[in-house]
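A look at the structure
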Amino acid sequence: MITVSSLTDLRKARKKLCEPVGFVPTMGYLHEGHISLVRRAKSECRSVVVSIYVNPSQFGPHEDFEKYPRNLEGDIALLEKAGVDLLWTPTNACMYPPGYQTWIDVEKLSQPLEGALRPGHFRGVATIVAKLFNCVQPQKAYFGQKDAQQAAIICQMTEDLNFPIDIVVCPTVREKDGLAMSSRNCYLTQEQRSAAKVMVQALDLARQLFEQGERQTAPLVEIVQHTVEQQTGVILQYAACVDPKTFLPMDTITDQALLLIAIQTGDTRLIDNIELTVAPVAG
Ligand code: AMP
């Protein structure tokens, strides 16, 4: 694996890669969720590029930018083992030089849920991903369903800005007990880690209700709310059942919906979601 930091070195190394190139943008502190994206990219592309960049513009002033976990050595070992061709670790000087003033706003999709709780977050995400796309010039780029609203925003931006890139959204990888893997899980104390399981339990209960035939979203959202409220040490930030394309709330599920949850335990925010799909009637 070649590791580069400057844009000049990235461009030189990029030119030598076999096409098609698959790209996995990350913030590092890698886990099996990230590696699943790399594996998918490897299965579909002849070369794989990964970026590690903790993007300051997607963190709010009181968020965890400074303390976001970093472990470049460990990340490099995982990426080498996964067979990545090129690792890019851009610098702040390259991404946001003095005088930087261009931003991308995916207007409607960035408003609800995470967008409402984290003002400016998706503007930072869309901008950095567009910049990374321009620099890496991949044919395919891989994102996790765990960050469902982010994935939808990237798909919309890619279409709106005519990037010639296929966006591939990959399933959420979970710990044994169901908790979605996240770099932020390392912040959790033992009690918080245990309490955080309530997210999956709540989503599972809603899924069961859906599988029993419930098609109104209110009872599905209520069971999530009620389940989380029973758990000490966890605050529910939102539970919502939305249209997967618009992220607008829906009342009745006729085809597909996304059930999303965000909780806070201690200083840590965690998010998760499941897809609810109405099975086609046989015959
Ligand atoms: P991050 O480093 O948190 O910015 O994540 C980089 C990419 O990995 C994003 O596309 C995430 O959605 C994806 N990702 C993070 N956690 C998981 C997970 N548990 N399963 C699948 N993809 C994930």
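Residues numbered from 1 in each chain as written. Predicted model: local features only at pLDDT ≥ 70, side-chain atom pairs only at ≥ 80, totals over all residues. Heavy atoms only, no water.

The environment of the ligand is made up of 17 residues, and the closest members are M27, H34, D147, V173 and M181. Contacts to the ligand include D147, whose side-chain N or O atom sits 2.6 Å from an oxygen atom. Contact with the protein chains hides 93% of the accessible area of the ligand, taken as 480 Å² for the molecule alone. Looking at the shell around the ligand, the element that brings in the most residues is helix α2 (residues 32–44), giving 3 residues. Split by residue class, the shell around the ligand holds 8 nonpolar, 7 polar and 2 charged. (Near = heavy atom within 4 Å. Polar contact = N/O pair within 3.5 Å; in protein donor to acceptor, adjacent residues only side chain to side chain. Areas by Shrake-Rupley, 256 points an atom, 1.4 Å probe, with all protein chains shown as cover. Helix = DSSP H or I, 4+ residues; strand = E, 2+ residues; numbered from the N terminus. Nonpolar A, V, L, I, M, F, W, Y, C, P; charged D, E, K, R; others polar.)

Remark: α2 packs on helix α3 (residues 72–82), axes separated minimally by 10 Å, with the N-to-C direction vectors making an angle of 30 degrees. The orientation of α2 with respect to α3, classified from their angle, is roughly parallel. Handedness of the crossing formed by α2 with α3: right-handed. Between α2, through I35, V38 and K42, and α3, the contact on the second element is made entirely by L78, L79 and A82. Residues of the contact of α2 with α3, tallied by class, amount to 5 nonpolar, no polar and 1 charged. (Axes fitted to C-alpha atoms, helices over the stretch in contact; angles between N-to-C directions. Parallel < 35°, antiparallel > 145°, perpendicular 65-115°, else oblique. Left-handed = near helix turned anticlockwise from the far one by under 90°. Contact = heavy atoms within 4.5 Å.)

Turning next to the nonpolar core. Within the largest apolar cluster, 44 residues are counted, with the highest numbers of intra-cluster contacts made by W88, M95, V129, F133, M157, F247 and L260. Looking at this core, the elements that each hand over two or more residues are α1 (7–15), β2 (21–26), β4 (86–88), α6 (121–136), β5 (140–144), α7 (148–160), β7 (235–242) and β8 (256–265). Split by domain, this core shows at least three residues from each of two domains, domain 1 (2–170) and domain 2 (183–276). In contact with W88, other than residues within four places in its own chain, are V4, S5, S6, L7, L10, V50, S51, I52, M95, L132, C135 and V136. Membership of the second largest hydrophobic core comes to 26 residues, among which are L179, M199, A239 and I274. (Core = buried A, V, L, I, M, F, W, Y, C linked by side-chain atoms within 4.5 Å. Buried < 20%, exposed > 50% of the residue type's maximum accessible area, 1.4 Å probe, protein only. Domains from an automatic or database assignment.)

Attention now goes to the packing of aromatic side chains. Within the structure shown, the criterion is met by 8 aromatic pairs. When the centroid spacing of 5.4 Å and the interplanar angle of 65 degrees are considered together, the rings of F59 and F65 count as edge-to-face. Its relative accessible area of 10% is what places F59 among the buried residues. Seen in terms of ring centroids, Y100 and W103 are 5.4 Å apart; in terms of plane orientation they differ by 80 degrees. Their pairing is edge-to-face. According to the relative accessible area criterion, Y100 is partly exposed, its value standing at 25%. The positively charged end of K131 is found above the aromatic ring belonging to Y96, 5.9 Å away from the centroid. (Phe/Tyr/Trp six-rings, centres within 6.5 Å; stacked < 30°, edge-to-face > 60°. Lys NZ or Arg CZ within 6 Å of the ring centre and 35° of its normal.)

As a further point, take the domain arrangement of the protein chain. In terms of domain boundaries, the protein chain breaks down into domain 1 (2–170) and domain 2 (183–276). The distance between the C-alpha centroids of domain 1 and domain 2 comes to 26 Å. Of the roughly 1700 Å² buried between domain 1 and domain 2, counting both surfaces, carbon and sulfur atoms make up 57%. In terms of surface lost to domain 2, no three residues of domain 1 exceed L113, E114 and K146, which account for 28% of the buried area on that side. At the boundary of domain 1 and domain 2, one finds 2 salt bridges. We note a salt bridge from R269 to E114, for which the minimum N-O separation is 2.8 Å. Applying the counting rule to domain 1 against domain 2 returns 9 residue pairs in polar contact (both at pLDDT 80 or more). (Buried area = accessible area lost by both parts, 1.4 Å probe. Salt bridge = Lys/Arg side-chain N within 4 Å of Asp/Glu carboxyl O.)

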